[in-house]
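The lines below spell out each chain.
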Amino acid sequence: MSADIKVMTDAKAPSSPQLITLGCRLNAYESEVMRGHASEAGLNDAVIINTCAVTSEAVRSARQTIRRAAKDNPGAPILVTGCAAQIDPDMFAKMPEVTRVIGNHEKMQSETWRPAELLGGHEKVRVNDIMSVQETAAHLIDGMEGRARAYVQVQNGCDHRCTFCIIPYGRGNSRSVPAGEVVSQVRRLVETGHYEVVLTGVDLTSWGADLPGAPQLGNLVQRILKLVPELKQLRISSIDAIEIDDALMETMADKRLAPFMHLSLQHGDDLILKRMKRRHSRRDAVRLTEQLRSIRPDMAFGADIIAGFPTETEAHFENSIRLVEECGLSFVHAFPYSPRPGTPAARMPQLQKSVIKARAARLRDVGEAALARHLGTYEGQTVDALVERGLSARLPDFTPVRFEEEPGEAGRPVRARIVRHDGKQLIGALTA
């Protein structure tokens with residue numbers, strides 16, 4: 001799952017709870033489910049903070065967000081949930097601003113949000129053992145408030161144990177939503193006017209392993225495209241580079257499948273990949289991008305890459321730098337390594353923080369240069385873009401576009417001519 005640390009908040013409507021979402025796309029989806037449960041329960045004055053735990057900085061951000069929310073909403077119940085709350089509920093329970101701490105499994109259950117049970121009594125922590133959860137259910141929502149595209153959770157949890165990652169302890173073991181339920185959710189979103197639907201999960205390519213017959217993600221994608229012909233564009237969120245099955249590879253040729261893949265690469269050196277307990281090699285990553293481009297020449301790639309992993313030498317790091325070019329990455333999410341207590345990597349010999357910071361900065365510079373090259377290929381072209389909000393839109397390969405005039409309603413496609421770019425996004429002009 002992409003470690004895309006963002007804060008997503010919404011303007012407080014007069015009769016609805018306020019949601020503050022930190023972290024990944026799956027959290028954003030789950031916030032919409034919680035919004036529905038909390039609204040139905042009448043928790044209209046509550047502030048719900050859905051936390052992330054992917055880095056120590058994410059946890060620090062969660063604590064800051066809680067304090068700020070309490071200051072901005074005096075007297076409102078502050079309800080804290082998400083991965084950081086699941087992993088270390090006692091830390092959040094000790095914060096005087098927090099009314100209740102709710103686990104990742106509990107937050108998705110409507111009965112959790114009954115006011116008498118949630119706000120009554122003295123039990124501040126409602127967090128159970130996430131590893132005991134065996135199933136994940138589809139939660140029907142009509143869309144994502146304020147978003148051009150809708151997200152559908154098809155999988156949760158992770159069975160892998162990368163040495164740097166704490167997320168399995170916040171999400172539990174891998175479990176899949178049955179295909180029929182996913183198709184029903186996609187169909188409902190299309191019927192409510194959504195142009196694009198994104199499939200999301202913690203370890204998306206593990207979908208189906210726990211279902212009867214052990215179907216694979218490619219089977220699910222093919223089924224959605226066949227059974228929901230009205231769907232204009234289907235997008236796949238972050239996936240593991242080693243687990244793309246044959247059916248999914250074959251389906252990448254379908255033009256209704258967005259030509260963008262965010263890969264969980266993490267590093268470009270084979271020794272560091274082994275110490276991370278990743279299951280792919282450097283060559284696997286390069287070969288995959290070459291194969292996907294042979295099927296879809298318009299394919300763009302993003303990737304997560306960690307700088308400063310324990311024992312990383314300058315030569316190891318240079319392999320990550322070179323991987324950006326060798327894989328033809330356009331969107332690089334560069335992260336400084338952050339030790340997470342309880343993970344094997346936290347017990348390995350650590351690099352100096354100054355070294356980690358410097359390498360992360362260099363990697364970001366390389367990523368910015370790669371993005372600028374990618375943007376430059378679009379100058380002068382006429383393209384299709386999906387309006388997101390205001391003057392912003394994205395191309396099918398997820399390249400951002402900014403218009404100089406109002407492009408119209410969010411969630412609708414428009415034609416545009418690319419005039420230039422500013423190094424971060426394309427600048428487009430609407431065409432007739």
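Above: the structure in question.
Here the residue numbers are simple positions, counted from 1 along each chain's written sequence. Owing to the predicted nature of the model, reporting of local features is limited to residues with pLDDT of at least 70; listing and counting of side-chain atom pairs is limited to 80 or more, with chain, interface and lining totals taken over all residues. Think of the side-chain values as coming from all heavy atoms in the structure, minus any hydrogens and water.

Focus: the pairing of strand S20 (residues 426-430)
Alignment of strand S18 (residues 400-403) against S20, held across 3 bridges, turns out to be parallel. When the sheet's bridge partners are listed, Val401 is paired in S20 with Leu426. Two strands pair if DSSP finds at least two bridges between them. Here a helix means four or more residues in a row that DSSP labels H or I, a strand means two or more in a row labelled E, and each is numbered from the N terminus. Examined bridge by bridge, strand S19 (residues 413-421) and S20 share 5 bridges and lie antiparallel to one another. Bridge pairing links Ala416 to Leu430 in S20. Joining the antiparallel neighbours S19 and S20 is a turn of 4 residues, in which Gly423 adopts a positive phi near 90 degrees.

Comments concerning the sheet that holds strand S16 (residues 382-389)
Reading around the circumference, S16-S17-S18-S20-S19 is the order of the 5 strands in this closed barrel, with mixed pairing throughout. Going from strand to strand, the sheet's axes swing by 55 degrees on average, the running direction of each strand aside. Two elements, S16 and S19, share 5 bridges in a ladder whose sense is antiparallel. Considered in S19, the bridge of Val383 is made with Ala416. Axis definition: a line fitted to C-alpha atoms, over the contacting stretch in the case of helices. Angles run 0 to 180 degrees between N-to-C directions.

Examining the side chain of Arg171
Topologically, Arg171 is positioned in helix H6 (residues 168-171). According to the relative accessible area criterion, Arg171 is buried, its value standing at 1%. Burial here depends on accessible area, computed with a 1.4 Å probe over protein chains only, as a share of the maximum for the residue type. Under 20% is buried, over 50% is exposed, and the range in between is partly exposed.

Thoughts on the pairing of strand S2 (residues 18-22)
Taken across its 5 residues, S2 has 5 buried, putting it largely inside the fold. Side-chain alternation along S2 places Gln18, Ile20 and Leu22 on one buried face and Leu19 and Thr21 on a second face that is also buried. Pairing analysis gives 4 bridges linking S2 to strand S3 (residues 47-51), with the strands arranged parallel. Note on S3: the bridge partner recorded for Ile20 is Ile49. Each parallel crossover has a hand, and the one from S2 via helix H1 (residues 25-40) to S3 is left-handed. Orienting the strands away from the viewer, one traces the path from the first strand over the helix to the second; a clockwise path indicates a right-handed crossover.

Structural notes on the sheet that holds strand S7 (residues 150-153)
The strand order across the open sheet formed by 3 strands is S7-S10-S11, and the pairing between neighbours is parallel. The outermost strands of the open sheet, each flanked by one partner alone, are S7 and strand S11 (233-236). Geometrically, the sheet is characterised by an average inter-axis angle of 25 degrees between neighbouring strands, direction not taken into account. Both strand S10 (residues 196-200) and S11 contribute to a ladder of 4 bridges, which runs parallel. By the bridge assignment, Val197 is partnered in S11 with Leu234. By definition, residues are in contact when any of their heavy atoms lie within 4.5 Å. Docked against the sheet, helix H7 (residues 179-191) engages S7 and S10, running at close to 170 degrees with respect to S7. Where helix H8 (residues 217-227) meets the sheet, its contacts fall on S10 and S11, and the angle it forms with S11 comes to roughly 165 degrees.

Section: empty space enclosed by the protein
In the cavity and pocket records, a cavity denotes points on a 1 Å grid over the protein atoms alone where a 1.4 Å probe fits but cannot get out, a pocket denotes an open set with protein on both sides within 12 Å along at least 5 of 7 lines, and lining residues are residues with an atom within 4 Å of a point. Grid points are joined across faces, edges and corners, and a volume is the space filled by probe spheres set on the points. All told, the structure shown has 3 cavities of 30 Å³ or more when counted by the stated rule. If you add up the space inside the second largest cavity, you get close to 70 Å³. Sorting the residues of the lining of the second largest cavity by element identifies S11 and strand S13 (260-266) as the ones contributing at least two each. Here the nonpolar group is Ala, Val, Leu, Ile, Met, Phe, Trp, Tyr, Cys and Pro; Asp, Glu, Lys and Arg are the charged ones; every other residue, Gly included, is treated as polar. Of the residues in the lining of the second largest cavity, the class split is 5 nonpolar, 3 polar and 3 charged.

Here's the deal with the environment of Phe317
The topology assignment puts Phe317 in helix H12 (residues 314-326). Expressed as a C-alpha distance, the spacing of Phe317 and Val59, which sit 258 residues apart in the sequence, is 26 Å.

Focus on helix H2 (residues 56-72)
The terminal C-alpha atoms of H2, which comprises 17 residues, lie 24 Å apart, in line with the 24 Å expected from a rise of 1.5 Å per residue. Elements that come into contact with the buried residues of H2 comprise S2, S3, strand S4 (78-82), helix H3 (83-87) and helix H4 (89-93). In a helix, the anticipated span is given by 1.5 Å times the number of residues less one.

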